[in-house]
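# Per-entry structural report
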Amino acid sequence: MRSHVFQSTSVCNLCGKREVTTVSTVDRKGNPLKTVICVFCGIVRTDPVPTDQEIKEFYQQKYWDSYKSDVPKLKRIYRNAHRAVERYYRDQQFFKNAHSILEIGSGCGEFVYLLQYLNLNAQGLEPHRGYSEYSRKEFGVSVTSAMLENASYPLAAFDLIVSHHVVEHLRDPAAELRRMNQWLKEGGYLLIEVPNIEAERHSPNNRFHFAHIYNFNGVALEELAARQGFLLIEEASKNDHEHHLHMIFQKKEIPTGKGKYTEVQLKDNAQHLYQKLLSHTAFRHYLTLTPYSRAIRKIKNSVVEKWTIKKLKRGKDVADGVFSKRTHLF
Ligand SMILES: [Zn+2]
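Residues numbered from 1 in each chain as written. Predicted model: local features only at pLDDT ≥ 70, side-chain atom pairs only at ≥ 80, totals over all residues.

### Overview of the packing of helix α2 (residues 74-90) against helix α11 (residues 315-326)
Applied cut-off: For helices, the fitted line uses only the C-alpha atoms of the stretch in contact; every axis is such a line through C-alpha atoms, and the angle between N-to-C directions lies from 0 to 180 degrees. For helices the rule is a DSSP run of H or I covering at least 4 residues; for strands it is a run of E covering at least 2, with both sets numbered from the N terminus onward. Every angle not falling under 35 degrees, over 145, or within 65 to 115 is termed oblique; those three ranges are roughly parallel, roughly antiparallel and roughly perpendicular. Crossings are sorted by hand: turned counterclockwise from the far helix by less than a right angle, the near helix makes the crossing left-handed, and turned clockwise it makes it right-handed. For the purpose of contact definition, each residue receives a C-beta atom placed from its backbone, and two residues are in contact when these atoms lie within 7 Å.
The contact between α2 and α11 brings their axes to 9 Å, and the two run at 30 degrees. Classified by the angle their axes make, α2 and α11 are roughly parallel. Here α2 runs over α11; the crossing is right-handed. Here α2 contributes Leu74, Ile77, Tyr78, Ala81, His82 and Val85 to the contact with α11, which in turn contributes Gly315, Val318, Ala319, Val322, Phe323 and Arg326.

In structure tokens:
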């Protein structure tokens, strides 16, 4: 990399080195937020990594301001129920064969409820007290209220762990992936979905967010998981234009701590990603059709949504309505 390389005060969560270069100095709202890329592997992170206390304050004061109420709006349940069906449908062969499933970051509980609705044995973990309580009361599902860092499960308790948009929020994703590995049975699966830092669907001005401490491309996420004892068995988004990375890993028979890629390959990954982040400018983004077709789709969806939930009063009725219409296909 030709740009200025400096030593960060935090070490890289993947490769343990400190040499980084800055990729952005603002967050998606234009507030100061320094984001760097590790020049040895290509992991992109907030620098320095926020402390536990800073994260706690952020979640308490800012992030959940937009979700002040502990009872979610019905339109949110409606959207999440549809998303739950799509997520299940995409990976159904893994869910169907699982005897015990844990969803980390279960939100208001729609996905755990869908699994229960389909007679699967599933439970959730959710740090937001209001939402985890809502999940239990409204959907009757088993959800524990705790931060992942404070949660503990018996060894080999699950054969499938699912985490949608969680890993990018963690202060120490490597350590948490190692713990997930221990909670899985031999041969168990881990499904991870995170935003794809290489995606071109969002404007680059919208890219960085305080709550997203780590930003991954496919190689970086695969390598991070590989070093914690996971083997990538299916990758839905090899394509750089995909909005999210969606990867399914299997617990390795003997977790060795060894990764998949060589030092040279990881350095190439860092170089490739750095160039890509520089070349994807807001100007190029608005030349593509993506932002416009998205706006049109949003308007269309909200009309259907209002019409469908008009007569319903409870979240459970909304979710049941979506599930009964869509799950007969499974
Ligand atoms: Zn690194």
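We are not done yet, so read on.
### Quick word on helix α8 (residues 263-279)
Just so we agree on the cut-off: One less than the number of residues in a helix, times 1.5 Å, gives the span that helix is expected to have. Counting other C-beta atoms within 10 Å of its own, a residue is labelled buried from 20 upward, exposed at 12 or fewer, and partly exposed in the gap between, with every C-beta atom placed from the backbone. Starting at the helix axis, one direction is taken to each C-beta atom, and the arc is that of these directions.
For α8, with 17 residues, the first-to-last C-alpha span of 24 Å sits near the 24 Å given by 1.5 Å per residue. For α8, the full list of buried residues reads Leu266, Asn269, Ala270, Leu273 and Leu277. All buried residues of α8 project into a common sector of 100 degrees when viewed along the axis, lining one side. Counted as exposed and oriented over 90 degrees from the buried face of α8: Val264, Gln275, Leu278 and Ser279. Those residues of α8 that are buried are in contact with β2 (19-26), β3 (32-38) and α7 (218-227).

### Some words on the sheet that holds β2
Rule in force here: Two strands pair under a simple rule: DSSP has to find at least two bridges between them.
Spatially, five strands are ordered β1-β2-β3-β4-β10 in an open sheet, and the strand pairing comes out antiparallel. With partners counted over all chains shown, the strands left at the sheet margins are β1 (6-7) and β10 (214-215), one partner each. In terms of strand pairing, β2 meets β3 through five bridges, oriented antiparallel. The residue bridging Thr21 from the neighbouring strand is Ile37, located in β3.

### Some words on unusual backbone geometry
With an omega dihedral of -10 degrees, the bond running from Asp47 to Pro48 counts as a cis peptide bond. With respect to the helices, strands and loops of the structure, Pro48 is situated in the loop between β4 (44-46) and α1 (52-61). At Ala156, a residue that is not glycine, the phi angle is positive and equals roughly 55 degrees. Tracing the sequence through the fold places Ala156 in the loop between β7 (143-145) and β8 (158-164). Here Ala156 falls in the partly exposed class, since 14 other C-beta atoms lie within 10 Å of it. One non-glycine residue with positive phi stands out, namely His165, at about 55 degrees. On the basis of neighbour count, His165 is assigned to the partly exposed category, with 14 C-beta atoms found within 10 Å.

Interpretation in functional terms is not warranted from these geometric data alone.
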